[in-house]
Amino acid sequence: MKPKIKVRFLILHYLPIYSGAAGSLHKLINSLNEDRFEVEIVTTHIRGYKRKDTLGKVKIRRLGYGFFGKDGLLNSYGKLCFFFSLFFFSLFSKKYDILHLIGSGK
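Residues numbered from 1 in each chain as written. Predicted model: local features only at pLDDT ≥ 70, side-chain atom pairs only at ≥ 80, totals over all residues. Heavy atoms only, no water.

### Quick word on the nonpolar core
Under the convention used in this document: Each nonpolar core is a collection of buried residues, namely Ala, Val, Leu, Ile, Met, Phe, Trp, Tyr and Cys, held together in the definition by side-chain atoms within 4.5 Å. Throughout this description, buried means an accessible area under 20% of the type-specific maximum (1.4 Å probe, protein chains only), exposed means over 50%, and partly exposed covers the range between. By definition, any uninterrupted DSSP run of H or I lasting at least four residues is a helix, any uninterrupted run of E lasting at least two residues is a strand, and each is numbered from the N terminus.
Core analysis: the biggest nonpolar cluster contains 13 residues, and Phe 9, Ile 11, Tyr 14, Leu 25, Ile 29 and Ile 41 have the highest contact counts within it. Broken down by secondary-structure element, the contributors of at least two residues to this core are β1 (5-11), α1 (20-31), β2 (37-44) and β4 (58-63). With 4 residues, the single largest contributor to this core is β1. Counting residues in each nonpolar core, the second largest holds 9 residues, with Leu 63, Leu 74, Phe 82 and Leu 86 among its members.

### Considerations on the packing of aromatic side chains
The following threshold applies: In this scheme Phe, Tyr and Trp rings, the latter by its six-membered ring, pair at centre separations within 6.5 Å, and the angle between planes marks the pair as stacked below 30 degrees, edge-to-face above 60, and tilted otherwise.
Summed over the entire model, instances satisfying the criterion amount to 2 aromatic pairs. Geometrically, the ring pair formed by Phe 87 and Phe 88 is edge-to-face, given 5.1 Å between the ring centres and 70° between the ring planes. Note on Phe 87: relative accessible area 49%, which makes it partly exposed. The partly exposed category is assigned to Phe 88, whose relative accessible area is 45%.

### Some remarks on the pattern of salt bridges
Any two side chains of opposite charge can pair if their charged atoms end up close together. Selection rule: What counts as a salt bridge is simple: a side-chain nitrogen of Lys or Arg found within 4 Å of a carboxyl oxygen of Asp or Glu.
Per the counting criterion, the structure on display carries 5 salt bridges. Here Glu 34 and Lys 57 are joined by a salt bridge, their closest N and O atoms 3.7 Å apart. With Glu 34 in the loop between α1 and β2 and Lys 57 in the loop between β3 (52-55) and β4, this pair connects stretches of sequence that are 23 residues apart. For Glu 34, a relative accessible area of 46% puts it in the partly exposed group. In this structure Lys 57 comes out as exposed when scored by relative accessible area, which is 58%.

### Details of the pairing of β1
The line we're drawing: When DSSP finds two or more bridges between two strands, those strands count as paired.
Within β1, 6 of the 7 residues are buried, leaving the element largely enclosed by the surrounding structure. Sheet topology places β1 next to β2; 6 bridges connect them, and they run parallel. Within β2, the position partnered with Phe 9 by the bridge is Ile 41. As judged from the 5 bridges shared by β1 and strand β5 (residues 98-102), these two strands associate in the parallel manner. Residue Leu 10 lies in a different strand from β5, and its bridge partner there is Leu 101.

These figures capture arrangement, not role.
The following block contains the structure:
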């Protein structure tokens, strides 16, 4: 049996906001063979959600700190902190085979 291919997706906003990029990512994840691929999503922290979560067999990690705007999403300073924490997270956590960055916004 072949080992699973570990795929890490980096996206600015994932759940509960479904932008076009997040919707496309959701369709892509559903089309992947679960026996062959292990998927991890790294996204920004959203007020009221856990830092580590699991949606089906997909691991979701939310990075960044509590600099929120009125909509519950990270403000500009919080996004800057997200990118610094993403840099260090990716630097020290190299447990992936494929790294994919998805650009999205509000």
